[in-house]
Amino acid sequence: MANIEQLKEKLNFLLKSTALSVSDQQKDQLVKLVVLLDKWNKAYNLTSVRDPQEMLVKHIMDSLVVSPYLQGDRFIDVGTGPGLPGLPLAIINPDKTFVLLDSLGKRISFIRNALRELGITNVIPVLSRVEDYQPEVLFDGVLSRAFASLKDMTDWCQHLVDENGIFYALKGQYHQDEVEQLSADFVIKNVINLTVPELIGERNLVLLNKG
């Protein structure tokens, strides 16, 4: 069982090397999210990361560092898996709304349970394939973490954003050949090199929109 006090200590340590503003209540929710993920992971295999301390780095911090770049109020996290980056971002942005979409029932079940257990009210879980999902109101932004190539992400998700909507693609290394495959309808706005405390390897946030 994950040690909650050790996880809190580790999270505080990691957050100190960022400019993120996270309340004590939000820290508690983030730690409880890791505990839940660890518990469910044993039965449902939601993530290949097994160590809760490692989850803080590879899942929680890796998601939170995107927060300063979010523009708007309504976001959809496509191929969210067990709610990443959507759940951590929703916890520290209670004024924004996040739809978390995945096509696997066990992942959406985990998210529903996490919302209940953590008292999160600004998340809507959706069980669907991304191309089948038709939102009533378009989104300010589409988030994806290790979901698809830039071309697939923009092709599959273009019906989800309004004309000023931004695609936020969390990537490891940034590959120019991925950019060259993009449809002419999309332009790269920015590529931001993200610093994730204690994470080994490169992380980039690619921002795109309709040209």
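Keep in mind that what you see is a predicted model, and the values were worked out from it rather than measured.

### So, the overall build of the protein chain
Consideration 1: Of regular secondary structure, the protein chain possesses 7 helices and 7 strands.
Consideration 2: A compact globule built from 211 residues would reach a C-alpha radius of gyration of about 17 Å, and the protein chain, at 16 Å, matches this within 12%.
Consideration 3: Principal-axis analysis of the C-alpha atoms gives the protein chain an extent of 50 × 35 × 30 Å.
Consideration 4: In the protein chain, buried positions account for 53% of the 211 residues.
Consideration 5: Across the protein chain, the fraction of contacts at a sequence separation of at least 24, relative to all contacts at a separation of at least 6, is 67%.
Consideration 6: Taken as a whole, the protein chain presents about 9,900 Å² of accessible surface, with 47% of it coming from carbon and sulfur.
Consideration 7: Each charge class in the protein chain can be summarised by its mean position, and for the 22 positive and 27 negative side chains these summaries are 6 Å apart.

### Quick look at the packing of helix 2 (residues 24-44) against helix 3 (residues 52-64)
Consideration 1: Close contact between helix 2 and helix 3 brings their axes to 10 Å; oriented N to C, the two are set at 125°. In terms of axis orientation, helix 2 runs oblique to helix 3. Our pair here, helix 2 against helix 3, has a crossing hand that is right-handed. Packed against helix 2, whose contacting residues are Leu30, Leu33, Val34, Leu37, Asp38 and Asn41, the element helix 3 presents Pro52, Met55, Leu56, His59, Ile60 and Leu64 at the interface.
Consideration 2: Of the residues assigned to the contact of helix 2 with helix 3, the class counts are 9 nonpolar, 2 polar and 1 charged.

### Things to note about unusual backbone geometry
Consideration 1: Following Leu84, the chain continues into Pro85 via a peptide bond in cis, with omega recorded as 10°.
Consideration 2: Counting through the fold element by element, Pro85 comes out in the loop between strand 1 (74-78) and helix 4 (86-92).
Consideration 3: Residues other than glycine seldom take positive phi values, yet Asn45 does so here, at roughly 55°.
Consideration 4: Counting through the fold element by element, Asn45 comes out in the loop between helix 2 and helix 3.
Consideration 5: A positive phi angle, near 70°, is found at Glu198, a position not held by glycine.
Consideration 6: Of note, Glu198 is situated in the loop between strand 6 (186-193) and strand 7 (204-210).

### Structural notes on the environment of Leu182
Consideration 1: Tracing the sequence through the fold places Leu182 in the loop between helix 7 (176-180) and strand 6.
Consideration 2: When the C-alpha positions of Leu182 and Leu150 are compared, they lie 6.8 Å apart, and in sequence the two are 32 residues distant.
Consideration 3: When sequence neighbours within four positions are dropped, the list of residues in contact with Leu182 reads Leu150, Lys151, Thr154, Ile188 and Leu208.

### Quick notes on the packing of aromatic side chains
Consideration 1: Under the defined criterion, the tally for this structure stands at 5 aromatic pairs.
Consideration 2: Ring centres of Trp40 and Phe110 lie 5.4 Å apart, and the angle between their planes is 70°; on these two criteria the pair is classed as edge-to-face. Taken as a pair, Trp40 in helix 2 and Phe110 in helix 5 (residues 105-118) lie far apart in primary sequence, 70 residues in all.
Consideration 3: Overall, the relative accessible area of 16% leaves Trp40 in the buried class.

### As for the nonpolar core
Consideration 1: Judged by nonpolar contacts, the single largest core of 51 residues is most densely connected at Leu87, Phe98 and Phe110.
Consideration 2: Sorting the residues of this core by element identifies helix 1 (4-16), helix 2, helix 3, helix 4, strand 2 (97-102), helix 5, strand 5 (161-171) and strand 7 as the ones contributing at least two each.

### Here's the deal with helix 6 (residues 150-157)
Consideration 1: Among all positions in helix 6, only Leu150, Met153, Thr154 and Cys157 are buried. Seen along its axis, helix 6 keeps its buried residues to an arc of 90°; they face one direction.
Consideration 2: As for helix 6, its buried residues are in contact with strand 1, strand 4 (139-145), strand 5, helix 7, strand 6 and strand 7.

### Observations concerning helix 1
Consideration 1: Taking 1.5 Å per residue as the helical rise, helix 1 with its 13 residues ought to reach 18 Å, and the 18 Å between its terminal C-alpha atoms agrees with that figure.
Consideration 2: Those residues of helix 1 lying buried are Leu7, Lys10, Leu11, Leu14 and Leu15. Within helix 1, the buried residues cover an arc of 130° as seen down the axis, which keeps them to one side. Of the residues in helix 1, the exposed ones pointing more than 90 degrees away from the buried face are Glu5, Glu9, Phe13 and Lys16.
Consideration 3: Check the buried side of helix 1 and you find it contacts helix 2 and helix 3.

About the thresholds
- Residues numbered from 1 in each chain as written.
- Predicted model: local features only at pLDDT ≥ 70, side-chain atom pairs only at ≥ 80, totals over all residues.
- Heavy atoms only, no water.
- Helix = DSSP H or I, 4+ residues; strand = E, 2+ residues; numbered from the N terminus.
- Rg over C-alpha atoms; globule rule 2.2 N^0.38 Å.
- Buried < 20%, exposed > 50% of the residue type's maximum accessible area, 1.4 Å probe, protein only.
- Contact = heavy atoms within 4.5 Å.
- Areas by Shrake-Rupley, 256 points an atom, 1.4 Å probe, with all protein chains shown as cover.
- Lys, Arg positive; Asp, Glu negative; His and termini not counted.
- Charge placed at Lys NZ, Arg CZ, Asp CG, Glu CD.
- Axes fitted to C-alpha atoms, helices over the stretch in contact; angles between N-to-C directions.
- Parallel < 35°, antiparallel > 145°, perpendicular 65-115°, else oblique.
- Left-handed = near helix turned anticlockwise from the far one by under 90°.
- Nonpolar A, V, L, I, M, F, W, Y, C, P; charged D, E, K, R; others polar.
- Phe/Tyr/Trp six-rings, centres within 6.5 Å; stacked < 30°, edge-to-face > 60°.
- Core = buried A, V, L, I, M, F, W, Y, C linked by side-chain atoms within 4.5 Å.
- Arc of directions from axis to C-beta.
- Expected span 1.5 Å × (residues − 1).

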